[in-house]
Amino acid sequence: MVTDTHSQVRVRFAPSPTGFPHVGNIRTALFNWLFARRYGGTFILRIEDTDTARRVEGAVESIQDGLRWLGLDWDEGPVFQSERLQLYRDGAATLVRSGKAYHCFCSPERLQAVREEQTRNHLPPRYDGHCRELTQAEVNRRLAAGETAVVRFKTPLSGETGVSDLIRGEVVFSNATLNDYVLMKSDGYPTYHLANVVDDHDMGITHVMRADEWISSTPLHVMLYDSFGWEPPQFAHLPMILGPDKAKLSKRHGATTITEYRDQGYLPEAMVNFLALLGWSLDDKTDLLSREELVANFSLERIGKTAAVFNKPKLDWMNGVYIRALSPAEFARRALPYLEHGLSADIGRPLNIDYVASVARLVQERAKKLDEIADLCEFLFRNELSYPCEDLLVKGMEAALAQEILNRVSLVVPTEQNWSAVSLEEAVRPLSDDMGVSTKQLFGTLRVAMTGRTAAPPLFETMEVLGRERCMSRLAHAVQVIERQYPELASGTGT
Ligand code: GLU
């Protein structure tokens, strides 16, 4: 934690619950959180829920769920804007009183007609100022008569508004290109702009760190601060996140709800590391950074100006690195829910945690995501395997040879006391020379008998985990599979 001029840092993550939070939203949350933690500041969660028509059921829970999963703890909030409406109404009234905003009575039909006319004339769609100069008497009369009205900001018709952005530098907007934006809607709810500015001021926000797409709203915000006579916060607009095809990241690129990454078995520490590098870097080469290292090193100076590219293979790689770095016990603990969820329903629950721990050791090196584990090791939990007889006949070997391999293996495997991968290998490997078969064939047949698969984790370690009893019954079962297909090989037929 650094305590210098930033010691009063107060930042917020201010999502609108109009959808479930995706990678882009959470990257914004993370950068704010890192900045707050770096400078010992305060991280606030504010839910911008004044757009009642677009509110999505469950979005608020999903936002908090995603933040909790990644360990992005907030110090204040959640603050719901819908519970603070009076504050915004007062703000709008102040601006109307000081002549910075005005009531507009235009009907949706009239606004539509204006827009169509502008489109026909190839002009940008914009309010035409129809109600800008209504007299106070007229406004009062129409309000008293019960006419519905919105409150619009009276944007200067000329001049420029500059936005100082900590990342983008000085960005200047010509006021003539700006609109008379709506601040209060006719339903008495504020728009994003008014509520956002009023709250940032009220909550003492020092730095507004948000997605790049908001920069076009910022000149209005700057003018609002000015109109209220308030000091604006510092702005930092974060670079866009693009898909690998350089188009804006979208669902099409797999940019789904953040918690879906959890469900797919990405570790939160990998996700945090990965998201931190979407627009920020320590240097030009370091990819792996722990949460503590990120907090210790995060700075606005190293946020890039250019768009970041969401590189899914990199995330998968990183997740594999973090998975391998877990202690075996921790890996087993994390794998357990994925096994409980992912293994077939006919496998008995609850799973035995000790057995899960020994199974987990087999797959920890190989899993890129925790949701792959169930499939990788389902065979370890089944009582009976099912596979076609041909799979046992490695490289077209005779059924009789496969049968003999299985029978001979069951005669040489070590006792319960000596049961280990090493002693298994010592016992089984010599059969290759004894029987004149390649180890490929010998181990191949055995692998199918033990796992039901042709590709699986290392054979003898797998057998060690399965234990003697299971292995013996799998060997016997494999012999039966052969004898069912080739009845002439069945013992006792005299052939
Ligand atoms: N509610 C806005 C959003 O959903 C907040 C933008 C801002 O941080 O000012 O992204």
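Everything discussed here concerns the structure shown above.
Here is what the cut-offs are and how they apply
Numbers given to residues run from 1 along each chain, matching the order in which its sequence is written. Predicted model: local features are reported for residues with pLDDT of at least 70 only, side-chain atom pairs are reported and counted for 80 or more only, and whole-chain, interface and lining totals are derived from all residues. Note that the side-chain values use all heavy atoms of the structure and ignore hydrogens as well as water. Salt bridge criterion: a side-chain nitrogen from Lys or Arg within 4 Å of a carboxyl oxygen from Asp or Glu. Think of it this way: any DSSP run of H or I at least four residues long counts as a helix, any run of E at least two long counts as a strand, and we number them from the N terminus. Remark: exposure states derive from per-residue accessible area (1.4 Å probe, protein chains only) relative to the maximum for the residue type, with buried under 20%, exposed over 50%, and partly exposed in between. In short, DSSP must find at least two bridges between two strands for them to pair. Fitting a line to C-alpha atoms yields each axis, with helices limited to the stretch in contact; the angle taken between N-to-C directions then spans 0 to 180 degrees. Cavity and pocket criteria rest on a 1 Å grid covering protein atoms alone: a 1.4 Å probe that fits but cannot get out defines a cavity, protein on both sides within 12 Å along at least 5 of 7 lines defines an open pocket, and an atom within 4 Å of a point defines a lining residue. Grid points are joined across faces, edges and corners, and a volume is the space filled by probe spheres set on the points. In this classification, Asp, Glu, Lys and Arg are treated as charged, Ala, Val, Leu, Ile, Met, Phe, Trp, Tyr, Cys and Pro as nonpolar, and every other residue, Gly included, as polar. Residues count as neighbours in contact if any of their non-hydrogen atoms are within 4.5 Å of one another. One heavy atom within 4 Å of a molecule or strand makes the whole residue count as near it. Polar contacts, as used here, are pairs of N or O atoms within 3.5 Å; protein pairs need one atom able to donate a hydrogen and one able to accept it. Residues neighboring in sequence count only if both atoms are side-chain atoms. To be clear on the numbers: accessible area is Shrake-Rupley with a 1.4 Å probe, and residue cover counts the displayed protein chains and nothing else. Here, nonpolar core refers to any group of buried Ala, Val, Leu, Ile, Met, Phe, Trp, Tyr and Cys residues whose side-chain atoms link them within 4.5 Å.

Draft legend 1. Spotlight on the pattern of salt bridges. Tallied over the full model, the rule gives 33 salt bridges. Among the ionic pairs, arginine 12 bridges to aspartate 200, the shortest N-O distance being 2.9 Å. Highlighted residues: arginine 12 in strand β1 (residues 10–13) and aspartate 200 in helix α6 (residues 192–202), separated in sequence by 188 residues. Given the relative accessible area of 3%, arginine 12 is considered buried. The salt bridge involving glutamate 269 is made with arginine 334; its shortest N-O contact spans 2.7 Å. One end of the pair, glutamate 269, is in helix α9 (residues 268–276); the other, arginine 334, is in helix α12 (residues 328–342), with 65 residues separating them in the sequence. Residue classification places glutamate 269 among the partly exposed positions, given a relative accessible area of 25%. A cluster of three or more residues bridged by salt bridges with shared partners is formed by Arg12, Arg46, Glu48, Arg84, Asp199, Asp200 and Asp202.

Draft legend 2. Structural view of the pairing of strand β2 (residues 42–47). Summarising burial for β2: 6 of the 6 residues are buried, a large majority. Side chains Thr42, Ile44 and Arg46 of β2 all project onto a buried face; the interleaved residues Phe43, Leu45 and Ile47 project onto the opposite face, where all are buried too. Of the pairings in the sheet, the one linking β1 to β2 comprises 4 bridges and is parallel in character. Bridging across to β2, phenylalanine 13 finds its partner in leucine 45. With 3 bridges joining them, β2 and strand β3 (residues 76–80) adopt parallel strand pairing. Bridging from a neighbouring strand, isoleucine 47 pairs with phenylalanine 80 of β3.

Draft legend 3. Molecular detail of the sheet that holds strand β5 (residues 150–153). An order of β4-β5-β8 is seen for the 3 strands of this open sheet, with the pairing classed as antiparallel. Strands at the two margins of the open sheet, each flanked by one partner only, are β4 (101–104) and β8 (182–184). The mean inter-strand angle of the sheet, taken between neighbouring strand axes irrespective of direction, is 45 degrees. By the bridge criterion, 2 bridges tie β5 to β8 in an arrangement that is antiparallel.

Draft legend 4. Structural view of the layout of surface pockets. Here the largest pocket is characterised by a volume of approximately 1,100 Å³. What lines the largest pocket is a set of 42 residues, and nearest its centre among them are Ser16, His22, Asn25, Glu213 and Trp214. Counting only elements with at least two residues in the lining of the largest pocket, the list comes to β1, α1 (23–38), α6 and β9 (207–211). Among the elements that take part in the lining of the largest pocket, α1 stands out by supplying 5 residues, more than any other. Of the residues contributing to the lining of the largest pocket, the split by class is 16 nonpolar, 15 polar and 11 charged. Estimates place the volume of the second largest pocket at around 390 Å³. Contributions of two or more residues to the lining of the second largest pocket are made by α4 (108–120) and β5.

Draft legend 5. Quick peek at the sheet that holds β3. Reading across from one edge, β1-β2-β3 is the order of the 3 strands in this open sheet, with parallel pairing throughout. Here the strands that pair on one side only, and so sit at the sheet edges, are β1 and β3. The sheet shows a mean angle of 25 degrees between the axes of neighbouring strands, direction not considered. Sheet strands touched by α1: β1 and β2. Its angle to β1, the strand with the most contacts, is close to 160 degrees.

Draft legend 6. Geometry of α9. The element α9 is largely enclosed, with a buried count of 8 among its 9 residues. The inward-facing, buried residues of α9 abut α1, α2 (59–69), α8 (258–263), α10 (291–297), α11 (312–325) and α12.

Draft legend 7. Up close: the site of the ligand. Looking at the ligand, the residues that line it are Arg12, Ala14, Pro15, Ser16, Glu48, Tyr192, Asn196, Arg210 and Trp214. One nitrogen or oxygen atom from the side chain of serine 16 is found 2.8 Å from a nitrogen atom belonging to the ligand. Glutamate 48 places a side-chain nitrogen or oxygen 2.6 Å from a nitrogen atom of the ligand. For the ligand, whose accessible area on its own is 300 Å², the fraction buried by protein is 87%.

Draft legend 8. View of the environment of arginine 262. Inspection of the secondary structure assignment puts arginine 262 in helix α8. Given a relative accessible area of 24%, arginine 262 falls into the partly exposed group. In sequence terms arginine 262 and tryptophan 69 are 193 residues apart; their C-alpha atoms lie 7.8 Å from each other. Beyond its immediate sequence surroundings of up to four residues, arginine 262 is in contact with Asp65, Trp69 and Tyr338.

Draft legend 9. Region of interest: the nonpolar core. Residues Leu275, Leu380 and Phe381 are the most contacted members of the largest nonpolar core, which totals 117 residues. Examining the composition of this core, we find that 9 residues originate from one element, α1, more than from any other. With residues up to four places along the chain from it excluded, the contact list for leucine 275 reads Val23, Ile26, Arg27, Leu30, Phe31, Leu70 and Ile258. Ala101, Leu194, Val197 and Phe228 belong to the second-largest nonpolar core, a separate cluster that totals 31 residues.

Draft legend 10. Broad picture of helix α19 (residues 459–466). Taken across its 8 residues, α19 has 6 buried, putting it largely inside the fold. Here α19 has its buried residues at Leu459, Phe460, Thr462, Met463, Val465 and Leu466. Tucked into the core, α19 has its buried residues touching α13 (353–363), α16 (421–428), α18 (439–451) and α20 (468–485). A positive phi of about 90 degrees marks glycine 467, the residue just after α19.

Draft legend 11. Structural context of unusual backbone geometry. Note that the residue after glycine 77, namely proline 78, is joined by a cis bond; omega there is 5 degrees. Positionally, proline 78 belongs in strand β3. Of note, the bond from arginine 349 into proline 350 is cis; its omega dihedral lies within 30 degrees of zero at -5 degrees. Examined against the element boundaries, proline 350 turns out to sit in the loop between α12 and α13. Backbone geometry at histidine 122 places phi at a positive 55 degrees, although glycine is not the residue there. By secondary structure assignment, the location of histidine 122 is in the loop between α4 and α5 (136–144). By relative accessible area, which is 74% here, histidine 122 ends up exposed. Phi is positive for lysine 246, which is not a glycine, with a value near 70 degrees. Summarising the element assignment, lysine 246 is placed in the loop between β11 (241–242) and α8.

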